[in-house]
Amino acid sequence: MTIKTRFAPSPTGYLHVGGARTALFSWLYARKHGGKFVLRIEDTDLERSTQESVNAILEGMAWLGLEYDEGPFYQTHRFERYKEIIQQLLDQGDAYYCYCSKDELDALREQQVANKEKPRYNGKCRDASHTRKEGEAVIRFKNPAQGEVIIDDLIKGKIVVANKELDDLIIARSDGSPTYNLTVVVDDMDMGINVVIRGDDHINNTPRQINILRALGVEPPKYAHVPMILGADGARLSKRHGAVSVMQYREEGFLPDALLNYLVRLGWSHGDQEIFTVDEMIALFELENVNVSASTFNNEKLLWLNHQYIMNSDPAHVAHHLSWHMGERGIDPAQGPELTEVVKAQRERCKTLVEMAEASRYFYQEFENYDEKAAKKNFKAGSDEVLRHLLAKFSAISEWDGEKLHQIVLDTAEELDLKLGKVAQPLRVAVCGTAVSPSIDVTLSLLGRDKTLNRMEKAIKFIQDKNKS
Ligand code: GLU
């Protein structure tokens, strides 16, 4: 039997990290078993679904590399099919028209609450004639009255629910539109989904869905309910904990592989291993090893992982993602050194690609101002002389070579009887605008001859002007 899993988001917002983790688990499970992974957009809530959210979900999936084998399917394209199944359930006597008014149902609920009973539909229309009468009607599923539903959840273990706990759920609204539990059941059945991996907020729906599937004569899929994600304060992860949208992590400078690695470890473990390539995740992932209880999102750890990925991934891969951030900041990578070389020079000191892009701007763009503190400290009277000395020597060399340039800096310090910092720092501020950059040899070779010499001349003039006034 080919394993088939699905990710079934409702497009009512961005792709958040909880959804992304569910998608990742479903994707890993399918990949591990040589199965198929389906993307289904559950857009039947016409008021809350937007095309923008659909795009955000597709974009998030693509950025994370969670490619699907089938889909995206859209539930709004399948209304005819849902109608057919609703009719089948009516014809079989497994569904019925319910004419109870809202007022009636409200009164019923009030009474049940007053009696400290669980609010539920009392089945008033259940045994009435199945022929359609005048007036507004919803259609309810006739849940079995006896027996129990057993779920052998692949994460939570055995869950038993008595049928008498389940009331007759509405499967079509009075306008004929199908409800969530019906559409999911029809889709999981038609799409041949045999393992449903989803958030445990759906666990109450599962026995109802199993009963509908059984009424349709179909063997239910296996279920795996993934526990939720909490913020550091123990509340369910939400916007007020910071970024929760996958694409916001992109904007904040995270690599997709780092986020995937973080998400897989959120509630799943393999010994004490922290870093997994995607191939390792596929090989090692087991639903049985997913935690039963909720996991807490830890931004510090994600940041640490991101840094690990920035430092240890193929620089060309990091450069590919860095290039997007350069573009976002109006920096043209064609106006300076190879991005791959910049990655190699910066990766130790940058935990995010945003930091890296900002810290590399001066390789590509001229700057208007020097960092105030750095200029104050390093552009003293006399620094212009040091720079002039260096400039003469730099201009004279035939080959722009980092090591040679570094040697010139060392020699200059000795010749002028200055500490190295008194030579290297003014030079650094002159060419970078700030006192922080990779080592001088790397910085100067990345900058190249023209930018270096021009900026030194500018700085000499700046220091002279400053000390004149
Ligand atoms: N559309 C549902 C949601 O976004 C998921 C349904 C399911 O996975 O069964 O919460």
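Residues numbered from 1 in each chain as written. Predicted model: local features only at pLDDT ≥ 70, side-chain atom pairs only at ≥ 80, totals over all residues. Heavy atoms only, no water.

Enquirer: What's the story with the overall build of the protein in this structure? I'm lost.
Expert: Along the protein, the regular secondary structure elements total 19 helices and 12 strands. Its C-alpha atoms give the protein a radius of gyration of 32 Å, clearly above 23 Å, the size a compact globule of 469 residues would have. Seen through its principal axes, the protein has C-alpha atoms that stretch 105 × 45 × 40 Å. Evaluated residue by residue, the protein yields a buried proportion of 49% over its 469 residues. In the protein, 76% of the contacts between residues at least 6 apart in sequence involve partners at least 24 apart. For the protein, the accessible area works out to roughly 22700 Å², and carbon and sulfur atoms hold 49% of it. When the 59 positive and 70 negative side-chain charges of the protein are each reduced to one mean point, those points stand 3 Å apart. (Helix = DSSP H or I, 4+ residues; strand = E, 2+ residues; numbered from the N terminus. Rg over C-alpha atoms; globule rule 2.2 N^0.38 Å. Buried < 20%, exposed > 50% of the residue type's maximum accessible area, 1.4 Å probe, protein only. Contact = heavy atoms within 4.5 Å. Areas by Shrake-Rupley, 256 points an atom, 1.4 Å probe, with all protein chains shown as cover. Lys, Arg positive; Asp, Glu negative; His and termini not counted. Charge placed at Lys NZ, Arg CZ, Asp CG, Glu CD.)

Enquirer: Is there a simple way to explain the site of the ligand in this structure?
Expert: In the vicinity of the ligand, the contacting residues are Arg6, Ala8, Pro9, Ser10, Glu42, Tyr180, Val184, Arg198 and His202. Between a nitrogen atom of the ligand and a side-chain N or O atom of Glu42, the distance comes to 2.6 Å. For the ligand, whose accessible area on its own is 300 Å², the fraction buried by protein is 81%. Across the shell around the ligand, the residue classes break down as four nonpolar, two polar and three charged. (Near = heavy atom within 4 Å. Polar contact = N/O pair within 3.5 Å; in protein donor to acceptor, adjacent residues only side chain to side chain. Nonpolar A, V, L, I, M, F, W, Y, C, P; charged D, E, K, R; others polar.)

Enquirer: Got a minute to help me understand the packing of helix 16 (residues 402–415) against helix 17 (residues 420–432) in this structure?
Expert: Geometry of a packed helix pair, given as the angle between the helix axes and the separation of the axes. Relative to each other, helix 16 and helix 17 sit at 130°, their axes nearing to 8 Å. As judged from the angle between their axes, helix 16 and helix 17 are oblique. The chirality of how helix 16 crosses helix 17 is right-handed. Note on element contacts: helix 17 touches helix 16 through Leu420, Val423, Ala424 and Leu427, opposite Val409, Leu410, Thr412 and Ala413. A per-class count over the contact of helix 16 with helix 17 returns seven nonpolar, one polar and no charged. (Axes fitted to C-alpha atoms, helices over the stretch in contact; angles between N-to-C directions. Parallel < 35°, antiparallel > 145°, perpendicular 65-115°, else oblique. Left-handed = near helix turned anticlockwise from the far one by under 90°.)

Enquirer: So what exactly am I meant to see when it comes to the nonpolar core here?
Expert: Within soluble globular proteins, side chains that are nonpolar generally end up buried alongside one another. Ranked by size, the top nonpolar core spans 103 residues in total, and within it Met61, Phe285, Phe297, Leu390, Phe394 and Leu427 carry the most contacts. It is helix 1 (residues 17–32) that provides the largest number of residues to this core, a total of nine residues. Not counting residues within four places of it along the chain, the set of residues in contact with Phe297 comprises Val17, Ile229, Leu230, Ala232, Leu237, Tyr249, Tyr262, Leu266 and Leu302. (Core = buried A, V, L, I, M, F, W, Y, C linked by side-chain atoms within 4.5 Å.)

Enquirer: What should I look at first to understand a positive patch on the surface in this one?
Expert: Together, Lys376, Lys377, Lys380, Lys419, Lys422 and Lys466 give the surface a local cluster of positive charge. Within the secondary structure, Lys377 sits in helix 14 (residues 372–378). We classify Lys377 as exposed; its relative accessible area is 61%. (Patch = residues over 30% accessible without salt bridge, like charges linked within 9 Å, V, L, I, M, F, W, Y side chains within 5 Å. Salt bridge = Lys/Arg side-chain N within 4 Å of Asp/Glu carboxyl O.)

Enquirer: Just to check I follow, could you spell out helix 5 (residues 180–190) for this structure?
Expert: Across the 11 residues that make up helix 5, a large majority, nine, are buried. All buried positions along helix 5 are accounted for by Asn181, Leu182, Thr183, Val184, Val185, Val186, Asp187, Asp188 and Met189. As for helix 5, its buried residues are in contact with strand 1 (4–7), strand 2 (36–41), helix 3 (79–92), strand 8 (170–172), strand 9 (195–199) and helix 6 (206–215). Positive backbone phi, approximately 70°, marks Gly192, located one or two places after helix 5.

Enquirer: Quick question: what am I supposed to make of a negative patch on the surface here?
Expert: A contiguous patch of negative charge, built from Glu59, Glu251, Glu252 and Glu328, is present on the exposed surface. On the secondary structure map, Glu251 appears in helix 7 (residues 246–251). With relative accessibility at 49%, the residue Glu251 sits in the partly exposed group.

Enquirer: Can you walk me through the packing of aromatic side chains in this structure?
Expert: The geometry of an aromatic ring pair is captured by two quantities: the separation of the ring centres and the angle between the planes. All chains considered together, the criterion is met by 13 aromatic pairs. Geometrically, the ring pair formed by Tyr249 and Phe297 is tilted, given 6.2 Å between the ring centres and 40° between the ring planes. Here Tyr249 is found in helix 7, whereas its partner Phe297 is found in the loop between strand 12 (295–296) and helix 10 (299–312), with 48 residues between them in sequence. The same class applies to Tyr249 as to Phe297, namely buried. Here Phe394 and Trp400 contribute two aromatic rings whose centre-to-centre distance is 6.0 Å and whose plane-to-plane angle is 80°, an arrangement assigned as edge-to-face. We note that Phe394, like Trp400, is buried. Put simply, the rings of Phe25, Trp268, Phe276 and Phe285 touch in pairs and so form one group of aromatic residues. (Phe/Tyr/Trp six-rings, centres within 6.5 Å; stacked < 30°, edge-to-face > 60°.)

Spatial relationships are all this shows, so hold off on functional conclusions.
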